[in-house]
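Tertiary structure, described
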Amino acid sequence: MATGRTHRPATRSRGIPEATVARLPLYLRALTALSERSVPTVSSEELAAAAGVNSAKLRKDFSYLGSYGTRGVGYDVEYLVYQISRELGLTQDWPVVIVGIGNLGAALANYGGFASRGFRVAALIDADPAMAGKPVAGIAVQHTDELEHIIESNGVSIGVIATPAGAAQQVCDRLVAAGVTSILNFAPTVLTVPDGVDVRKVDLSIELQILAFHEQRKAGEEGGSEGGATGPADRAAAAVGDAAAAVTGDRKGPDGDVPAVMPA
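Now for a quick tour of the structure. Fair warning: this is a prediction, and the values are worked out from it, not measured in the lab. (Residues numbered from 1 in each chain as written. Predicted model: local features only at pLDDT ≥ 70, side-chain atom pairs only at ≥ 80, totals over all residues. Heavy atoms only, no water.)

1. A short note on the pattern of salt bridges
- Applying the stated criterion to the full structure yields six salt bridges.
- Of the charged contacts in the structure, one is a salt bridge between Asp61 and Arg23, with a shortest N-O distance of 2.7 Å. Of this pair, Asp61 sits in helix α3 (residues 55-64) while Arg23 is found in helix α1 (residues 18-36), placing the two residues 38 residues apart along the sequence. Taken as a pair, Asp61 and Arg23 share a single burial class, namely buried. (Salt bridge = Lys/Arg side-chain N within 4 Å of Asp/Glu carboxyl O. Helix = DSSP H or I, 4+ residues; strand = E, 2+ residues; numbered from the N terminus. Buried < 20%, exposed > 50% of the residue type's maximum accessible area, 1.4 Å probe, protein only.)

In structure tokens form, the structure reads like this:
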């Protein structure tokens, strides 16, 4: 089986827009659910509703893949699963390293959805010497001193950073220098990377603050006012940053509390 360092997905070379690429996993998730129910075909309207987009956008997205469906029948579910998986590079094995095995890192390591989506957790890495050798999700944690060797020996091109904010840039620099070209960043900080390195940021505090904003707006509309500064949504927004910092910045190991938030 090929590894993640063999080649990269073909989406960019084929000119598929980034917005379309970002929606492909949504389609794949909906299609996988249909496949598990042995549904043979699906209309653009049904699939768009399941993915949370409009049908015109879905048809436009699929046109970039060269898939137009059959009038009166719809799209072949199994073929679309294969086609989208191929475009996303999920028909090969992508070894991944997770750096920072606190509560969040341990939760990510225990997430069962990686393997079924083409990702293999090749190593868990932490700077705390006390963590070295401890098993998390059946994988022994290794010290950051081994980072470069681990990346080279496993052919890793994707790294996940779940460290405290203060350590994230240094970890990022070492990952990039060792050959990692794609990074998923859970640390509450912005990373600086050279051209050719892709970073996707997952900031729980920002997402919760956006939800708090909408809750405050709804509360204001229901109350006939613009909402007071001491409402529950305001208190929630103020607490979010501290909560997210606690998740990514604590040093609890795999036996600590695991956050309920998991990748979709």
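2. Quick look at the sheet that holds strand β3 (residues 94-99)
- The seven strands lie next to each other as β5-β6-β4-β3-β7-β8-β9, forming an open sheet whose pairing is mixed. Edge positions in the open sheet fall to β5 (135-136) and β9 (198-201), since each of these has one partner strand only.
- Sheet topology places strand β7 (residues 158-161) next to strand β8 (residues 182-185); four bridges connect them, and they run parallel. Residue pairing for β8: Ile158 is matched across the bridge by Ser182.
- Sheet strands in contact with helix α7 (residues 147-154) are β3, β4 (119-126) and β6 (139-143), and its direction is about 165° off that of β4. (Pairing = 2+ DSSP bridges. Contact = heavy atoms within 4.5 Å. Axes fitted to C-alpha atoms, helices over the stretch in contact; angles between N-to-C directions.)

3. Concerning α1
- With 19 residues, α1 should reach 27 Å at 1.5 Å per residue; the first-to-last C-alpha distance of 28 Å fits that figure.
- When α1 is considered as a whole, its buried residues turn out to be Thr20, Val21, Arg23, Leu24, Tyr27, Leu28, Ala30, Leu31 and Leu34.
- On the buried face of α1, the contacting elements are β1 (41-42), α2 (44-51), α3 and α4 (77-87).
- One or two steps after α1, the chain reaches Ser38, where phi turns positive at roughly 60°. (Expected span 1.5 Å × (residues − 1).)

4. A closer look at unusual backbone geometry
- Positioned with a positive phi, Ser38 is a non-glycine residue whose angle comes to about 60°.
- Topologically, Ser38 is positioned in the loop between α1 and β1.
- Residues other than glycine seldom take positive phi values, yet Ala137 does so here, at roughly 55°.
- Take Ala137: it is sitting in the loop between β5 and β6.
- On the basis of relative accessibility, which here comes to 40%, the residue Ala137 falls in the partly exposed class.

5. Describing the nonpolar core
- Tyr27, Leu31, Val42, Leu47, Leu58, Phe62 and Ile84 are the most contacted members of the largest nonpolar core, which totals 23 residues.
- Those elements that provide at least two residues to this core are α1, α2, α3 and α4.
- Once residues within four sequence positions are removed from consideration, Leu31 is found in contact with Val42, Leu47, Val77, Leu80, Val81 and Ile84.
- Ranked by size, the runner-up nonpolar core spans 21 residues in total, among them Ile150, Ile151, Ala168 and Ile183. (Core = buried A, V, L, I, M, F, W, Y, C linked by side-chain atoms within 4.5 Å.)

6. Details of the packing of α1 against α2
- Contact geometry for α1 and α2: axes closest at 8 Å, N-to-C directions at 110°. Relative to α2, the element α1 is oriented roughly perpendicular. The handedness of the crossing between α1 and α2 comes out as right-handed. The segment α1 lies against α2, with Leu26, Tyr27, Ala30, Leu31 and Leu34 engaging Leu47, Ala50 and Ala51.
- Partitioned by chemical class, the residues of the contact of α1 with α2 number eight nonpolar, no polar and no charged. (Parallel < 35°, antiparallel > 145°, perpendicular 65-115°, else oblique. Left-handed = near helix turned anticlockwise from the far one by under 90°. Nonpolar A, V, L, I, M, F, W, Y, C, P; charged D, E, K, R; others polar.)

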